[in-house]
Structures are given as C-alpha cells and as structure tokens.
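Architecture and fold: a report
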Amino acid sequence: MKLLIKQRVFSWTDTYDVYDEYDEPKYFVKAEMFRLTHQIHIYDRNRNEIGMIKQRFFTLMPTFDIEINGQPFGSIEKKFTFFKPKYNLDYNGWRCEGDFMSWNYSVYEACSMVAQISKKLFRWGDTYVIDYADQRNEILVLMLAIAIDAANCTQNNN
C-alpha cells in the first residue's frame, strides 16, 4: 500500500495533502503559525483531527511528541550524526534509519521492515511516498513520516 504526501507550495505554513495509491485525497496536514516550536495537525478527509505532532521546547536535538486521537503515543528525537541520519524512537517498538542525503528512510520492527519513506526529486514542493504492507500501520507510518520531515527541517533551519 502507498501514501503520497505533497507539500502545498504557496501556503503560509507547512501544509501537505496526502493521497492514497489511487490518487484519492485521504489526509490533510497543517502546521500552526506563529509558534516558537512546531505543532502539526493531521486531519482525515472530513477534516476531523486524528493526530498531532508537537516539538519539545529546549532540547539539544529536535524532539517531537506524537499524539493520536488525543492520546500520547510516542516520540522521536533526531540523533547527532555526521553522515547517516538516525533517530531515537519511542514509538510502537520501531526503529528508523535514513540514507546519506536524508531523502529515504526505512522503518523496522525487530528485523521486519514496516515501511519505506522516499522523497521524490524534481517536484514542485516536497513530495514523499510511503510504502507499507499492513493497513493497520497507515496512521502510525504517516505520523512518523511527518515527524521525521519536521525533525530534519528543524535541524536544517538552526
């Protein structure tokens, strides 16, 4: 199964539309404006909020807490590395590793791959494709992909 995340280029805040593998709108992502830290909301196609990603204040490396349906679910912290991006995940027992350019990520549970997150190049605005096998992980993988993008953007802007 696949999700396609497309950034809206002409928007005041980070805003993304998320499509399923049939190019049907499925989710909507919008960051809050005028905040000291990132706060990102994820909505279903009916604009019901399904999750939120909040950046922690006063941390050395970008750290984000993830809530699903108003309940704390986990966190992600970008590790300090020179070449390959790595993350400390307290999130569903998963681990995540990125490639040298921070464009492709693999998400694992123990030795099994849960998802591949890939950045599409030469697109108008950031575009990501998420490949995952288990439908039950769809929201979890989407939330993680948005949090990883936020962690990379936060570190690159500092």
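Presented here is a report on the structure given in the accompanying data block.

What counts and what doesn't
- Residues numbered from 1 in each chain as written.
- Predicted model: local features only at pLDDT ≥ 70, side-chain atom pairs only at ≥ 80, totals over all residues.
- Heavy atoms only, no water.
- Pairing = 2+ DSSP bridges.
- Helix = DSSP H or I, 4+ residues; strand = E, 2+ residues; numbered from the N terminus.
- Axes fitted to C-alpha atoms, helices over the stretch in contact; angles between N-to-C directions.
- Phe/Tyr/Trp six-rings, centres within 6.5 Å; stacked < 30°, edge-to-face > 60°.
- Lys NZ or Arg CZ within 6 Å of the ring centre and 35° of its normal.

1. Observations concerning the sheet that holds strand β2 (residues 15-20)
With respect to topology, 12 strands assemble into an open sheet ordered β8-β7-β6-β5-β4-β3-β2-β1-β12-β11-β10-β9, the strand pairing being antiparallel. Pairing within the sheet leaves two strands with one partner each, and these edge strands are β8 (87-90) and β9 (94-98). Ignoring which end each strand starts from, the neighbouring axes of this sheet average 20° apart. Alignment of β9 against strand β10 (residues 104-109), held across 5 bridges, turns out to be antiparallel. Counterpart to W94 in the pairing with β10 is E109.

2. Describing the packing of aromatic side chains
Counted under the stated rule, the structure contains 6 aromatic pairs. Measuring from centroid to centroid gives 6.2 Å for F28 and Y43, while their planes differ by 35°, and the two rings are tilted. Linking F28 in strand β3 (residues 25-31) with Y43 in strand β4 (residues 39-44), this pair joins segments that are 15 residues apart in sequence. Among the aromatic residues, ring-to-ring pairing joins F73, Y91 and W94 into one connected group. Over the ring of Y19 we find K6, and its NZ or CZ is 5.4 Å from the ring centre.

Structural measurements only, silent on function.
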